[in-house]
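Structural characterization, general
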Amino acid sequence: MVNLGFDHSYEQMPERFFSRLAPTSVSDPRLLLWNDPLARELGLGDAVGDETELALLFSGNRLSMDAKPIAMVYAGHQFGQFVPCLGDGRAILLGELIDQNGRRRDLQLKGSGRTPYSRRGDGRAWLGPVLREYLISEAMHALGIPTTRALAVVTTGEPVFREEGAMPGAILTRVASSHIRIGTFEYFARTQDLDGLRRLADHVLMRHYPDLLEADEPYLALLQAITANQARLIAQWLGVGFIHGVMNTDNMAISGETIDYGPCAFMDEYHPSTVFSFIDQGGRYAFGNQPRIAAWNLARLAEALLPMMDDDPRRSLVKGQEVIAGFQQLFEDAWLSRMTAKLGLASVREGDAGLIGELLNIMEVGRADYTLTFRGLADLATDANAAVLVARRFTKPAPFLAWVERWRTRLMVEGRSGAEVYQGMRRVNPALIPRNHRVEEALVAAVQEGDLAPFLRLHRRLADPFSDHPESTALANLPAMHERIEHTFCGT
Ligand code: AMP
Ligand code: MG
């Protein structure tokens, strides 16, 4: 019998926090992907077993002796509408592992069968979206952005019926520092379950923000800390052109990790109103809207925490509002420091926000690629002639070339060498992001032709996004007209 070494803290919470149930067995589990470096980090070395054993364990057909499987309950605002009871409709938390760095990590199977929270859903996932989450969450990690991770993909041997037809079923093993969402707080706030709220908040403080346990007002401090974390996270998304796609409050983790990769996408040409998600017809979760939406979601968290923040409801409200009002500044500071770094500036000075804004405007009007423009700028730090090459990315090169002069003047203020600036810029401006057309191509080959090679190639390259790989420029380049992807699907 296998023992993965699980610990359990969430499972110790009161029974109304979850439902106890085991994953539903599948007919023919086969291990498709195994994230070996992550497994080692989690202390799951060679001891776990061979591929057959892994397929059994990570499909849920066999449970580790020390697993205590639960489906977590939560609520959430979906596209602005409150849904009082969501919960893990197709996921099971097996337990927590203390990793090699002493960090507590959740191990969750996603696509593991129906639960009391499935509503009309089948509790399953199909291979396309599972591979997508594996690829993009691991790419985000390589880009240095806090995210849930992907440990394994197991195919189930069972079909899953979706609009696309009968698709191959799959189960993803997701690793997260926790699966607690803003929606988890909303669930207990909705029923005015103050005891539940306090236990949840205490659990989160202990688990994610232990330093705040000593604060004078720990729950206010908690709201502040989560707000600051989200501000930093969104700034990081914006730095690489990431569009989450479904920033519902049930898809925002209070740990500050990116969670729930559904119709997410990376932007090619810069435009703040870029939307890919098919279900986001109104553009609520467009690229440039993400900071505003994060603040809106945090306001829902603040509302849930209000009863604990002060005995006087009015004072509570004022405190909560102050924190939410502070989001904008926190975000702008985080964004500015990220964007100035992308321009090769070691410090933030007056006028830098304007300089960045001008470049973004020129990119928008000139329909320039976000990733390649910034990557190309690094070359300009050491090679004056490179400006002409980068300018070719713009439909109108002249405004860009004029901007480059202003940027050079600003760079001179810092007096660093060209080589130093170049090196610094290449560490923050990726050469490669998971471009939609390449992701799509890899998924189509894997799902329709059973050919995993393009997926593995892309995955391998995305693990090292800040280096140039001349042999795989096709992965880094823009899509040709006929390769352009206009929409991503929710992919459930
Ligand atoms: P999502 O849009 O993926 O964040 O999911 C929103 C809610 O729908 C969550 O409560 C999910 O657990 C649930 N859900 C999504 N897909 C399924 C499915 N195939 N079966 C059951 N529940 C699902
Ligand atoms: Mg979700």
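Let me begin by describing the structure that accompanies this report. (Residues numbered from 1 in each chain as written. Chains lettered and ligands numbered in written order. Predicted model: local features only at pLDDT ≥ 70, side-chain atom pairs only at ≥ 80, totals over all residues. Heavy atoms only, no water.)

Let's talk about the packing of aromatic side chains
Note the following rule: Each Phe, Tyr or Trp ring, with Trp reduced to its six-membered ring, pairs with another whose centre is within 6.5 Å; inter-plane angles below 30 degrees give stacked pairs, above 60 give edge-to-face pairs, and intermediate values give tilted ones. Each helix is a run of DSSP H or I of at least 4 residues and each strand a run of E of at least 2, with the numbering of both proceeding from the N terminus. Only protein chains enter the accessibility calculation, which uses a 1.4 Å probe. A residue is then buried if its area is under 20% of the maximum for its type, exposed if over 50%, and partly exposed in between. In this scheme, Lys NZ or Arg CZ marks a charge over a ring once it lies within 6 Å of the ring centre and within 35 degrees of the ring normal.
Evaluated as defined, the whole model comprises 17 aromatic pairs. Considering the side-chain rings of Phe79 and Tyr285, the 5.0 Å spacing of their centres and the 40° angle between planes classify their relative orientation as tilted. On the criterion of sequence distance, the pair formed by Phe79 in the loop between strand E4 (76-78) and strand E5 (81-83) and Tyr285 in the loop between strand E12 (265-266) and helix H7 (290-309) is long-range, its members being 206 residues apart. Classification of Phe79 by relative accessible area gives partly exposed; the value is 29%. With a relative accessible area of 1%, Tyr285 lands in the buried category. Between Tyr134 and Phe455, the aromatic rings sit 6.4 Å apart at their centres with planes inclined by 50°, giving tilted as the arrangement. Separated by 321 residues along the polypeptide, Tyr134 in helix H3 (residues 127-142) and Phe455 in helix H15 (residues 453-462) bring together distant segments of the chain. Through pairs of rings, three or more aromatic residues link up here, namely Tyr10, Phe17, Tyr187 and Phe188. For Arg300, the ring lying beneath its charged end belongs to Trp296, and the centroid distance is 4.3 Å. Cation over ring: Lys342 sits above Phe374, and NZ or CZ is 4.6 Å from the ring centre.

Looking at the site of ligand 1
Basically, it comes down to this: We call a residue near a molecule or strand when any one of its heavy atoms sits within 4 Å of it. Any pair of N or O atoms that falls within 3.5 Å is considered a polar contact. Within protein, one atom must be able to donate a hydrogen and the other to accept it, and sequence-neighbouring residues count only if both atoms are side-chain atoms. For every accessible area listed, the method is Shrake-Rupley and the probe measures 1.4 Å; residues are considered covered only by the protein chains on display. Note on residue categories: nonpolar means Ala, Val, Leu, Ile, Met, Phe, Trp, Tyr, Cys or Pro, charged means Asp, Glu, Lys or Arg, and polar means any other residue, Gly included.
Within the structure, ligand 1 sits among 18 residues, and Gly87, Gly89, Arg119, Gly123 and Asn251 are positioned closest to it. Contact distances for ligand 1 include 2.7 Å between an oxygen atom and a backbone N or O atom of Gly89. Burial of ligand 1 by the surrounding chains reaches 84%, relative to a free accessible area of 480 Å². Among the residues making up the shell around ligand 1, the classes are represented as two nonpolar, eight polar and eight charged.

As for the coordination of the magnesium ion (ligand 2)
This is how it is decided: Note: metal donors comprise N, O and S atoms at 2.8 Å or less from the metal (3.2 Å for Na, K and Ca); water molecules are not included, so apparent gaps in a site are possible.
Protein coordination at the magnesium ion (ligand 2) comes from Asn251 (OD1) and Asp260 (OD), with a distance range of 2.0 to 2.2 Å. Here the two residues Asn251 and Asp260 agree in accessibility, since each one is buried.

Details of unusual backbone geometry
Positive phi outside glycine occurs at Arg119, with the angle close to 50°. The residue Arg119 is located in the loop between strand E7 (104-110) and strand E8 (125-126) in this model. Positive phi values are uncommon outside glycine, yet Gln192 reaches one of about 50°. Mapped onto the secondary structure, Gln192 falls in the loop between helix H4 (182-190) and helix H5 (194-208). Overall, Gln192 belongs to the exposed group, its relative accessible area being 69%.

Brief notes about the packing of helix H9 (residues 352-366) against helix H12 (residues 397-414)
Inclusion rule: Axis lines are fitted to C-alpha atoms, over the contacting stretch for helices. Their N-to-C directions set the angle, which ranges from 0 to 180 degrees. Throughout, the term roughly parallel applies to angles under 35 degrees, roughly antiparallel to angles over 145, roughly perpendicular to angles from 65 to 115, and oblique to all others. Crossings are classed by handedness, with left-handed meaning an anticlockwise turn of the near helix from the far one by less than a right angle and right-handed meaning a clockwise turn. By definition, residues are in contact when any of their heavy atoms lie within 4.5 Å.
Remark: H9 packs on H12, axes separated minimally by 10 Å, with the N-to-C direction vectors making an angle of 160°. Accordingly, the angle class assigned to the pair H9 and H12 is roughly antiparallel. Relative to H12, the crossing made by H9 is left-handed. Here Asp352, Leu355, Glu358, Leu359 and Ile362 of H9 lie close against H12, whose contacting residues are Pro399, Phe400, Trp403, Arg406, Trp407 and Arg410. Here the contact of H9 with H12 is built from residues that sort into seven nonpolar, no polar and four charged.

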